[in-house]
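Summary of structural features
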Amino acid sequence: MKRALITGLTGQDGSYLAEFLLDKGYEVHGILRRASTSSMARVEHLQDRLTLHHADLLDLSSLIHVIQKVEADEIYNLAAQSFVPTSFEQALLTSEVTALGACRLLEAIRLINPKIRFYQASSSEMFGKVEGDFQDEDTKFHPRSPYAVSKVYAHHMTVNYRESYGLHASSGILFNHESERRGIEFVTRKISSHVAMIKHGFKETLKLGNLEARRDWGFAGDYVKVMWAMLQEERPDDYVIATGVTHSVQDFCERAFAHVDLDWQDFVEVDERFQRVAEVEYLCGNTAKAKEKLGWSPELDFSQLVARMVESDLERVRKSSSGMHRRNFWYEQLV
């Protein structure tokens, strides 16, 4: 039985990856930071099948201890401070976790067992200010946020450890991937949750920033499959993972509100507070390499993704408003 160790286990991608690996017959271990509050909601249904360890990407010694203890065949680094607006407010913390955290993991692997296969979660945000219609593995990086800069550092360190020490270290340059497990602060989940609350009468408006920004949006459950596929290859490499189709934030609003028979223009307001300091206007991935070498392509399309997210939030609001999990529901509306 193979063993996998996942950082960021309790996040959107970590939860889907854990499910996928468990179904593959893996023994799955996860790294958690010690905290005063629980963050296990996304993996609560898996808890009896997971082995959890306390460690921190800020602390090399704790990572060394866990890696020695687990003796994993594969390590997936999904942990990061990943919310772009927060990265402007907490640039140093973002750098410590997202950039140097990846480097600490790579160094721990080099010291303990260089045969461990490593996956680094790179990001389309690394491309930033783009000029062409599509971005692929050879497109120049022009990061536009502390988060993106940190991801570029982590990406290049992954390449460096691969080339310098022979590590089987691969990076997935994943374009935006969403689901009902997405953090409520991210724009897609903000839209789907507000649509549900507006439909049920708990909200009257949805305030957003740049409605014209275009992204290549896919389903997170599809994308974790290709993370695993990369580590099964004989040779490590870097791959762009995307749908190859872009939609604007306005498109997402239109589809989400239409799903509940509402007109988005009656409820959406543009608020400058939600504009980025340095906007990334357009991202669209070319996945030819992943399709050719890994045989991967996305299964869920944009319309299905939007519908899935809205339906999930409608159900969540429905249950919460009827008395189930009322306390958590109202707390979520305040944060």
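Residues numbered from 1 in each chain as written. Predicted model: local features only at pLDDT ≥ 70, side-chain atom pairs only at ≥ 80, totals over all residues. Heavy atoms only, no water.

Okay, the pairing of strand 1 (residues 3–7) next. Burial analysis of strand 1 places four of its five residues in the buried class, which makes it a mostly covered element. In this structure, strand 1 lies alongside strand 2 (residues 27–32), joined through five bridges in parallel fashion. When the sheet's bridge partners are listed, L5 is paired in strand 2 with H29. Following the chain from strand 1 across helix 1 (residues 12–23) to the adjacent parallel strand 2, one finds a crossover that is right-handed. Taken together, the four bridges between strand 1 and strand 4 (residues 74–77) define a ladder with parallel strand orientation. What sits directly across from A4, in strand 4, is E74. (Buried < 20%, exposed > 50% of the residue type's maximum accessible area, 1.4 Å probe, protein only. Helix = DSSP H or I, 4+ residues; strand = E, 2+ residues; numbered from the N terminus. Pairing = 2+ DSSP bridges. Right-handed = clockwise from strand over helix to strand, strands pointing away.)

A few words on the packing of aromatic side chains. With the rule as written, the count across this model stands at twelve aromatic pairs. Taken together, a centroid distance of 5.5 Å and an interplanar angle of 75° make the contact between Y16 and F219 edge-to-face. You can see Y16 sitting in helix 1 and its partner F219 sitting in strand 10 (residues 218–219), a full 203 residues away along the chain. There is no split in this pair, since Y16 and F219 are both buried. With a centroid separation of 5.9 Å and 35° between ring planes, the pair formed by F127 and F175 is classed as tilted. Here the residue F127 occupies a position in the loop between strand 5 (117–123) and helix 5 (146–165), and F175 occupies one in the loop between strand 6 (169–174) and strand 7 (177–178), the gap between them amounting to 48 residues. Each member of the pair, F127 as well as F175, carries the same accessibility label: buried. Taken together through their ring pairs, the aromatic side chains of F127, F141 and F175 make up a single cluster. Note that R110 overlies the ring of Y165, its terminal NZ or CZ placed 4.9 Å from the centroid. Above the ring of F274, the side-chain terminus of K190 is found at 3.5 Å from the ring centroid. (Phe/Tyr/Trp six-rings, centres within 6.5 Å; stacked < 30°, edge-to-face > 60°. Lys NZ or Arg CZ within 6 Å of the ring centre and 35° of its normal.)

Before going further, it helps to spend a moment on the environment of G285. Along the polypeptide, G285 turns up in the loop between strand 13 (268–270) and helix 9 (288–294). Judged by relative accessible area, G285 falls into the buried class, the value being 2%. The spacing of G285 and T243 is 42 residues in sequence and 6.7 Å in space, taken between C-alpha atoms. Sequence-distant contacts of G285, defined by excluding residues within four places in its chain, comprise F134, Q135, F175, D216, V240, A242 and G244. (Contact = heavy atoms within 4.5 Å.)

Counting residues in hydrophobic clusters, the biggest one holds 62 residues, and the most contacted among them are I6, L21, Y76, Y119, I191, I241 and F257. With nine residues, helix 7 (residues 220–232) is the single largest residue contributor to this core. With residues up to four places along the chain from it excluded, the contact list for F257 reads V195, I198, L206, L262, D263, W264, F267 and V268. (Core = buried A, V, L, I, M, F, W, Y, C linked by side-chain atoms within 4.5 Å.)

Okay, the layout of surface pockets next. The computed volume of the second largest pocket comes to approximately 170 Å³. Looking at the second largest pocket, the residues that line it are F127, K129, V130, E131, G132, F134, Q135, T139, K140, F141 and H142. (1 Å grid on protein atoms, 1.4 Å probe; cavity = no way out; pocket = protein on both sides within 12 Å on 5 of 7 lines; lining within 4 Å. Points joined across faces, edges and corners; volume = space filled by probe spheres on them.)

What follows concerns the sheet that holds strand 2. The seven strands are arranged 3-2-1-4-5-6-11 in an open sheet whose pairing can be described as parallel. Of all strands in the sheet, those bounded by a partner on one side alone are strand 3 (50–54) and strand 11 (238–241). Strand-to-strand twist in this sheet, taken as the mean axis angle between neighbours without regard to direction, amounts to 20°. Sheet analysis places strand 6 next to strand 11, joined by four bridges and oriented parallel. For S171, the partnering residue across the bridge sits in strand 11 and is D238. (Axes fitted to C-alpha atoms, helices over the stretch in contact; angles between N-to-C directions.)

With that out of the way, let us pick up the packing of helix 4 (residues 91–112) against helix 5. Relative orientation and spacing of two packed helices are given, respectively, by the angle between their axes and the distance between those axes. The contact between helix 4 and helix 5 brings their axes to 8 Å, and the two run at 15°. Taken together, the axes of helix 4 and helix 5 lie roughly parallel to each other. The element helix 4 and its partner helix 5 pack so that their crossing is right-handed. Here A91, T94, S95, T98, A99, L100, A102, C103, L106, E107 and R110 of helix 4 come into contact with helix 5, specifically with P146, Y147, S150, K151, Y153, A154, M157, T158, Y161 and Y165. Of the residues in the contact of helix 4 with helix 5, the class split is 13 nonpolar, five polar and three charged. (Parallel < 35°, antiparallel > 145°, perpendicular 65-115°, else oblique. Left-handed = near helix turned anticlockwise from the far one by under 90°. Nonpolar A, V, L, I, M, F, W, Y, C, P; charged D, E, K, R; others polar.)

Right, let's talk about the environment of Q304 for a bit. Its place among the elements puts Q304 in helix 10 (residues 302–321). For Q304, a relative accessible area of 39% puts it in the partly exposed group. Taking the C-alpha atoms as reference points, Q304 and E107, 197 residues apart in sequence, are found 41 Å from one another.

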